[in-house]
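Examination of the molecular architecture
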Amino acid sequence: MSSTASKNTEVPGWYIEFLSALVRQAPRPGELSRNTAQSWVINQERLKSVLRDRLCDHNDLTPKIPRTVTPKVKIDPIVRVDRSVRPSYPDWAEEVIHLDLETLGSTEYEISAVEQWFHDGQKDEKWIGGDKIYHYLKKTGTLKTCLGLRDLEEIQKKGLAFFRKYFDGKTVYAWKGIVRRLPNHLHIPCLHERDGVVFISWNYIGDVWNDEDPALRFL
């Protein structure tokens, strides 16, 4: 290999210093639970997104995928859900917690009939643990009014223009579709946009929610 090629693959000293600082300031075991750490290990895409959102500046020269300009099209506000079709749970899911609620819900509804609901603890720039939201929904009997994974699958099919019109900048959650991965390790399906694509992801219940993370509920 030529000396020029070797120099081109060399990691800059300033970047090594940055990585060292990142490791030094990472949460310690006493500050980070094992379950939370494992949730980040599982959800690598969200970890990558959080790190880039927080650490990268607008002058960074790393190529970024530009936000796709969505052409103006007529958007059908009706969501149609065939509830006889089983939702596509991830392979790692060991148990669907609320199997009895899986088929509940309208088979056809206008998206304006869906509330973007927030717990008081996640309003006004506050943060709240997902376990507290889940406890509230169960205690008040309102979990059954939440959307499930099948709803997210059909909303995802409506495409990017639909998602941006109704949920732009948010990550929306279907609490009825919660599953168990490990003992006491629950995950909630959510829908969000990344790089011009609408994705279904799974968040660990031990994470925190704010005013960009509404639960979707039927009014």
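Residues numbered from 1 in each chain as written. Predicted model: local features only at pLDDT ≥ 70, side-chain atom pairs only at ≥ 80, totals over all residues. Heavy atoms only, no water.

Let us now look at the pattern of salt bridges. Counted according to the given criterion, the structure contains 11 salt bridges. A salt bridge links aspartate 120 to lysine 123; the nearest nitrogen and oxygen atoms lie 3.1 Å apart. By relative accessible area, which is 53% here, aspartate 120 ends up exposed. Through salt bridges with shared partners, a single network forms among Asp76, Arg80, Glu108 and Lys158. (Salt bridge = Lys/Arg side-chain N within 4 Å of Asp/Glu carboxyl O. Buried < 20%, exposed > 50% of the residue type's maximum accessible area, 1.4 Å probe, protein only.)

Here we come to helix 7 (residues 160-167). Restricting attention to buried positions, one finds in helix 7 the residues Leu160, Phe162, Phe163, Arg164 and Phe167. Directly beyond the C-terminal end of helix 7, a positive phi value near 80° is found at glycine 169. (Helix = DSSP H or I, 4+ residues; strand = E, 2+ residues; numbered from the N terminus.)

Turning to the confidence of the model for the protein chain, a few remarks are in order. Looking at the protein chain as a whole, the pLDDT averages 84, with 74% of positions reaching at least 70. When pLDDT is averaged over each element of the protein chain, strand 6 (residues 172-173) comes out on top at 98 and helix 1 (residues 3-8) at the bottom at 44. Contacts for the low-pLDDT stretch residues 58-62, under 50 throughout, to residues beyond four places or in other chains number 0 contacts. (pLDDT = per-residue confidence, 0-100. Contact = heavy atoms within 4.5 Å.)

Further remarks concern the environment of proline 77. Tracing the sequence through the fold places proline 77 in the loop between helix 4 (44-55) and strand 1 (78-80). On the accessibility criterion, proline 77 (23% relative accessible area) is partly exposed. Along the backbone, proline 77 and isoleucine 111 are 34 residues apart, and their C-alpha atoms lie at a distance of 5.7 Å. Residues within four places of proline 77 in sequence aside, it is in contact with Tyr109, Glu110, Ile111, Phe162 and Tyr166.

This part takes up unusual backbone geometry. Phi at aspartate 124 is positive, roughly 55°, even though this residue is not glycine. Position of aspartate 124 relative to the elements: it lies in the loop between strand 4 (114-117) and strand 5 (128-129). In this structure aspartate 124 comes out as exposed when scored by relative accessible area, which is 67%. Positive phi, normally seen in glycine, also occurs at glutamate 125, with a value near 65°. Here glutamate 125 lies in the loop between strand 4 and strand 5.

In this structure the tally under the stated criterion is 9 aromatic pairs. Relative to tryptophan 202, the ring of tryptophan 92 lies with its centre 5.9 Å away and its plane at 80°, an arrangement referred to as edge-to-face. With a gap of 110 residues between them, tryptophan 92 in the loop between strand 1 and strand 2 (95-96) and tryptophan 202 in strand 9 (residues 197-204) connect regions that are remote in the sequence. Assessed through its relative accessible area of 25%, tryptophan 92 is described here as partly exposed. With a centroid separation of 4.9 Å and 85° between ring planes, the pair formed by tyrosine 109 and phenylalanine 218 is classed as edge-to-face. Of the two residues, tyrosine 109 sits in strand 3 (residues 108-110) while phenylalanine 218 sits in strand 11 (residues 215-218), which places them 109 residues apart along the sequence. (Phe/Tyr/Trp six-rings, centres within 6.5 Å; stacked < 30°, edge-to-face > 60°.)

Moving on, we get to the pairing of strand 8 (residues 185-194). Of all 10 residues making up strand 8, 9 are buried, and the element is well covered by its neighbours. Where strand 6 meets strand 8, 2 bridges bridge the pair, whose relative direction is antiparallel. Bridge pairing links tyrosine 173 to cysteine 190 in strand 8. From the end of strand 7 (residues 179-182) to the start of strand 8, which pair antiparallel, there are 2 residues, and asparagine 184 there has a positive phi angle of about 60°. Direction of pairing for strand 8 relative to strand 9: antiparallel, over a ladder of 8 bridges. Bridge pairing in strand 9 places cysteine 190 opposite serine 201. The turn linking strand 8 back onto strand 9 is made up of 2 residues, and aspartate 195 within it adopts a positive phi angle of 55°. (Pairing = 2+ DSSP bridges.)

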